[in-house]
Amino acid sequence: MTLNRRQFIGTSAAMAAVLSAPMVKAQGKPRVVVVGGGAGGATAARYIAKDSKGAIDVTLIEPTRKYYTCFFSNLYLGGFKEIEDIGHTYGGLAAGGVNVVHDWAVGVDRDAKTVALAGGGSLPYDKLILSPGIDFVDGAVEGWDLSAQNAMPHAYKAGSQSELLKAQLMSMPEGGTFAMVAPPNPYRCPPGPYERISMVAHFLKQNNPTAKIIVADPKPKFSKMALFQEGWANHYEGMVDWIGEEFGGGNVSVDPNAMTVTIDGEVVNVDVCNVIPAMKAGRIADMAAVTDGNWAPVNAADMSTKADADIYVLGDASSQGDMPKSGFSANSQAKVCANAVRGALTGSKVFPAKFSNTCWSLIAPNDGVKVGATYEATLEKIAKVDGFISKTGESADVRKATYEESEGWYTGITTDMLG
Amino acid sequence: MSFRRVIFFVVAGLFFSTAGAAEEFGDPVAGKTVYNKCKSCHQVGQGARHRIGPHLNGIFGRKAASHEDFQYSKALQRAGRGGLEWHIDTLNAFMENPRALASGTRMSFKGLKKAEDRSNLLAYLRTFSDDPANIPEADPTATPTDHDIDPAILALEGDPEYGEYLSSECTTCHQADGGDDGIPSIVLWPEEDFVLAMHAYKNKKRAHPVMQMMAGRLNAEEIAALASYFAALEQ
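Just so you know, the residues in each chain are numbered from 1, in the order the chain's sequence is written. Lettering of chains starts at A and numbering of ligands starts at 1, both following the order in which they are written. Selection of residues for local features in this predicted model requires a pLDDT of at least 70, selection of side-chain atom pairs for listing and counting requires 80 or more, and totals for whole chains, interfaces and linings are taken over all residues. In computing side-chain properties, one takes all heavy atoms of the structure into account and sets aside hydrogens as well as water.

This part is about the confidence of the model for chain B. Note: pLDDT gives the predictor's confidence per residue, expressed from 0 to 100. With 84% of its residues at a pLDDT of 70 or more, chain B shows a mean pLDDT of 84. Secondary structure elements are defined from DSSP: runs of H or I of at least 4 residues count as helices, runs of E of at least 2 residues count as strands, and each element is numbered from the N terminus. Model confidence for chain B, summarised as mean pLDDT per element, is weakest for helix 1 (residues 3-16) of chain B at 40 and strongest for helix 2 (residues 28-34) of chain B at 97.

Now the structure itself:
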């Protein structure tokens, strides 16, 4: 017999009651350490600090002093944003009571419950939240490794890589070729590579209209495929050549010195090559030994890992079920996690998990599309309940409103994450 | 209730009502064994092709009789034209008794009478369709619920603390400081207006796909909790 949803919630409520005797440590307040200051980690740190009103000691470990959002970094490539528009500091979190430590987390001792820092020393925790985002799988694209990221940028962690790709795009010769090696599933931001193609096409249409774009893709189909292909035909006719699995798009190697891409045996000279390799959880998840394969399996009710009840993994690095790897998803998961962690440490009420996601993509000026869904926690995974997607052939007014909505969302989520 | 289901009720409501209630995904490993009953006619998996029956890759979310390179029965073609799509509910009904759903189908299979077999087979076939994690517009893998909550939590009706937790879903998009570029402000709304608006989205009387989805899974108590939280903010 399996527990049904109602019984499961009842059980977790009872568990919360058992734990509701606050875990008062000899040295004082319970401690939460959060690793990674992106959409998952920053949100979790902020919500735990805000809602516990000083009852929990919250430390965020994040190596960079300025965080560039991956979401909207394609709009920077397209010329719709300046790089500073997508850069954020951690001042708001610090003002909200989070100890922000700019350092690398380089190890987790699960027995001693400490996190080691690259700068020396370690931080003790009662609950550890890892939100490290993604790293790339070694050897995923033949001929490419991290040492080639200057010649062939991934630009899939925003910041200097985004600036590099933009600079290369701007200095492409007239009528040149922009190539993308798209990633296999699962990866961060399912529509991301295709929004990027749209933004690159927009830039080239304005500045280099005879240039070409080739996409080598190991997948037979991709998110919002009908919407993107309709948009490419409408706005960038003849510019984008998408080579899917069926035509050998997965059989790819690159040569960063010669600036060539070989697709299914055919060698193509390219001027810019954006290699987005296969992905895996950020390294600290491996170091904490909470991964199974490339990702860290978690329990849907609270995002705790299957491997360790005191370690939680949020966002892209987690393997949770149906939610796409996105900033919106990470932000949503962080709130469920924060509620559960606070309940475990201080006895506050734990409410049922509710998750949601919406991904907006910009295809051309004022031509925005979106896809979204709601999710619930089942015993097995986070399961999709209901969803929607923009329709092909929508009116220009609807598309414009969708784009404006995405602008509003950007302001909303960055404030929600960082204060 | 989504549009496709509304269509389906029109097309096949009579038959649907006789189908077993087992519209849940079971165990895909056990489902592979159940699939042995299907595999003499249907292929599934990498390289699967049409045989006596069409291949079953990507079946979830597919319109009935929509492989152009397969010769379907007139009955199934008619069902496809009428809007029949393959989702967990329709597949479950078809597996239980193919002829009840499409009386002229050439699929000469009596059906799987045990709900457990059907749910396991559904889970197995699901693994050969789009995964919502990679293609977010893929078919749901859970059946919508009204998110009933247990009595202890229901006792929190109108509880601003619960409302505060729920409101964290709103502030991903709606700015907490009342900014309204692109997305409307929701601060300083009268409590009653808020409740009316949320129920209007829930009942799809107000048109916005994100809000219909978000409000759609909140029950009356949860909307009341949100309202009480936002009302308390105003003071």
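Let us keep going from here.
A 1.4 Å probe rolled over the protein chains alone gives each residue an accessible area, and that area as a share of the maximum for its type sets the label: buried under 20%, exposed over 50%, partly exposed in between. Burial analysis of helix 10 (residues 209-216) of chain B places 6 of its 8 residues in the buried class, the great majority of the element. Here helix 10 of chain B has its buried residues at V210, M211, Q212, M213, M214 and A215 of chain B. Elements that come into contact with the buried residues of helix 10 of chain B comprise strand 22 (354-364), strand 23 (367-377), strand 24 (382-389) and helix 10 (396-418) of chain A together with helix 9 (191-202) of chain B. Contact between two residues is taken to exist if any of their heavy atoms lie within 4.5 Å; hydrogens are not considered.

Residues and elements named next belong to chain B. All of the buried residues in helix 3 (residues 74-81) are A75, L76, A79 and G80. One side of helix 3 holds all its buried residues, which, seen down the axis, span an arc of 135°. Structural note: helix 3 exposes K74, R78 and R81 on the side pointing more than 90 degrees away from its buried face. Looking at the packing, one finds that the buried side of helix 3 touches helix 4 (88-96). Looking one or two places after helix 3, you find G83, whose phi comes out positive at around 105°. By arc we mean the arc of the directions from the helix axis to the C-beta atoms, nothing more.

Moving on: the pairing of strand 16 (residues 266-269) of chain A. Residue and element names in this part refer to chain A. The pairing criterion is simple: DSSP has to find at least two bridges between the two strands. Direction of pairing for strand 15 (residues 260-263) relative to strand 16: antiparallel, over a ladder of 4 bridges. Bridged to I263 within strand 16 is E266. As consecutive antiparallel partners, strand 15 and strand 16 are separated by 2 residues, and within that stretch D264 has a phi angle of approximately 50°, a positive value.

Residues and elements named next belong to chain A. Taken in spatial order, the 3 strands of this open sheet run 22-23-24, and their pairing is antiparallel. Strand pairing shows two members of the sheet lacking a second neighbour, strand 22 and strand 24, which therefore form its edges. Here the average twist between neighbouring strands, direction ignored, is 20°. Two elements, strand 23 and strand 24, share 7 bridges in a ladder whose sense is antiparallel. Note that in strand 24 the partner of G372 across the bridge is F388. Interaxial angles span 0 to 180 degrees and are taken between N-to-C directions of axes, which are lines fitted to C-alpha atoms, for helices over the stretch in contact.

So, on to the pattern of salt bridges. Residues and elements named next belong to chain A. Only one rule defines a salt bridge in this text: a Lys or Arg side-chain nitrogen within 4 Å of an Asp or Glu carboxyl oxygen. Applying the stated criterion to the full structure yields 24 salt bridges over all chains. Residues R46 and D416 are paired through a salt bridge, measuring 3.9 Å at the closest nitrogen-oxygen approach. With R46 in helix 2 (residues 39-52) and D416 in helix 10, this residue pair connects regions lying 370 residues apart in the sequence. Residues R46 and D416 agree in their burial class; the two are buried. Shared partners join several salt bridges into a network, and the residues in it are E230, D367, E394 and R399.

The subject of this paragraph is the side chain of R217 of chain B. Looking at the secondary structure, you find R217 of chain B in the loop between helix 10 and helix 11 (220-234). By relative accessible area, R217 of chain B is classed as buried at 4%. Of the polar contacts made by the side chain of R217 of chain B, one reaches the backbone oxygen of F355 of chain A; its length is 2.6 Å. Here the side chain of R217 of chain B touches Y375 of chain A through a polar contact of 2.7 Å, landing on its backbone oxygen. In protein, a polar contact requires one atom able to donate a hydrogen and another able to accept it; more generally it is a pair of N or O atoms within 3.5 Å, and residues adjacent in sequence count only if both atoms are side-chain atoms.

Take the side chain of R342 of chain A next. All names here are of chain A. One can find R342 in helix 9 (residues 327-346). It is D51 that comes nearest to the buried, bridge-free R342 among opposite-charge side chains, at 4.2 Å. If we ignore the near neighbours within four places in the chain, the residues touching R342 are I48, D51, S52, I56, G347 and S348. In this tally, Lys and Arg are treated as positive and Asp and Glu as negative; His is ignored, and so are the chain termini.

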